Amino acid sequence: MDTIVEISCVSHDREVTLRSIGEAFKEIERIEKLFNRYDDKSEVSRVNAVAGIEEVSISPELFGLIERSIHYSAVSGGSFDITVMPLVDVWRVAKERGSIPDEDEINTIVGHVGYKKILLDSDSLTIRFLDKDTKIDLGGIAKGYAVDRAKDVLVSGGIKDALINIGGNIFAMGNAPGRDGWHIGIQDPRHKRDIAYRLKLKNKAVSTSGDYERFFILGAKRFSHIINPLTGKPAEGVISTTIVSDSAEQADALSTAVFVLGVKKGTDLIRSFEGTEVFIFNEDSKLISFPFL
Ligand code: AMP
Ligand code: MG
């Protein structure tokens with residue numbers, strides 16, 4: 001998943017716990033193999049190669065994740081969109097080349113992007129793209145999904161107190177040693193040693209999307225790895241977004257969506273989801289939250 005995976009468990013039985021942790025890592029590797037679009041053999045790569053031409057049968061697991069991704073697109077006005085893949089690629093090439101992409105090229109690609117180009121048939125469990133150049137990238141939701149599945153594996157192994165972290169997508173189960181819940185610091189994105197705010201989480205997920213872990217600089221400008229699917233350009237206006245939610249998948253998708261939506265529309269979106277909280281650093285490094293601190 002191109003990031004660091006950490007699992008910490010609190011228990012009195014070392015052997016049983018190590019076995020559960022091993023199984024959770026195996027589950028995360030399994031999910032990576034299915035959803036990694038950079039791996040030619042993954043199910044997502046098969047979809048990207050064929051669904052623009054004909055219907056493709058897919059696993060119920062991939063079908064479900066795509067279906068839920070489309071839901072997050074619909075509620076975020078298209079700000080979260082797994083069809084951003086060709087835009088992600090063009091900006092990656094730009095970064096390697098050291099110059100921003102051509103405006104016309106971006107506009108052409110934007111024409112192939114859009115979650116409404118994905119057709120899912122729940123009876124036959126097939127997927128088809130309406131545009132032969134549409135491709136999907138689950139990078140904005142798959143890490144959160146993997147965290148939730150890893151949590152299920154730990155729960156099945158009898159683990160009650162644990163912390164799972166896949167690159168800033170976290171689920172906090174039960175309690176840290178000797179404490180009530182887990183205490184998680186939200187980094188000040190421009191002063192990474194400083195903790196701007198501390199969250200206490202118990203059986204909750206938290207996910208952060210930031211322009212400070214993955215970004216690139218062209219000229220004097222900093223570009224985020226999160227692309228606004230509507231403009232075809234890297235999202236601007238916020239430095240990081242953190243979402244607390246009951247599921248890591250939801251926190252992951254929403255943190256990406258809010259990064260694109262910005263402060264006002266982003267907080268409005270989060271207010272419509274029960275049990276969620278949002279923390280945004282705007283471009284002046286000011287922390288804005290809902291519910292208010
Ligand atoms: P995250 O770090 O969870 O915010 O996800 C960022 C990753 O999701 C990027 O590296 C891309 O692979 C993908 N991505 C970029 N922009 C979007 C977007 N607007 N909607 C969905 N996925 C995106
Ligand atoms: Mg995300």
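Everything below is about the structure shown above.
Residues numbered from 1 in each chain as written. Chains lettered and ligands numbered in written order. Predicted model: local features only at pLDDT ≥ 70, side-chain atom pairs only at ≥ 80, totals over all residues. Heavy atoms only, no water.

A. Geometry of the side chain of Glu 27. Locating Glu 27 in the fold gives a position in helix α1 (residues 14-35). In this structure the side chain of Glu 27 is engaged in a polar contact, spanning 2.9 Å, whose partner is the side chain of Arg 30. (Helix = DSSP H or I, 4+ residues; strand = E, 2+ residues; numbered from the N terminus. Polar contact = N/O pair within 3.5 Å; in protein donor to acceptor, adjacent residues only side chain to side chain.)

B. Structural detail: the sheet that holds strand β6 (residues 169-173). Strands sit in the order β1-β5-β6-β9-β14-β15-β16 across an open sheet of seven strands; the sheet is antiparallel. With one partner strand each, in any of the chains shown, β1 (5-10) and β16 (287-290) form the two edges of the open sheet. Here the average twist between neighbouring strands, direction ignored, is 10°. Two elements, strand β9 (residues 204-210) and strand β14 (residues 238-245), share six bridges in a ladder whose sense is antiparallel. Within β14, the residue paired with Ser 207 across the bridge is Ile 243. Running at roughly 25° to β6, helix α6 (residues 142-156) makes contact with β1, β5 (161-166) and β6 of the sheet. Against the sheet, helix α7 (residues 248-271) engages β6, β9, β14, β15 (277-282) and β16, with an angle of about 125° to β14. (Pairing = 2+ DSSP bridges. Axes fitted to C-alpha atoms, helices over the stretch in contact; angles between N-to-C directions. Contact = heavy atoms within 4.5 Å.)

C. Looking closely at the sheet that holds strand β3 (residues 118-121). Spatially, three strands are ordered β2-β4-β3 in an open sheet, and the strand pairing comes out antiparallel. Pairing within the sheet leaves two strands with one partner each, and these edge strands are β2 (56-57) and β3. Bridging between β2 and strand β4 (residues 126-129) involves two bridges; their strand directions are antiparallel. When the bridges of β4 are listed, Val 56 appears paired with Ile 127. Sitting on the sheet, helix α3 (residues 60-75) touches β3 and β4, and the angle it makes with β3 is about 130°.

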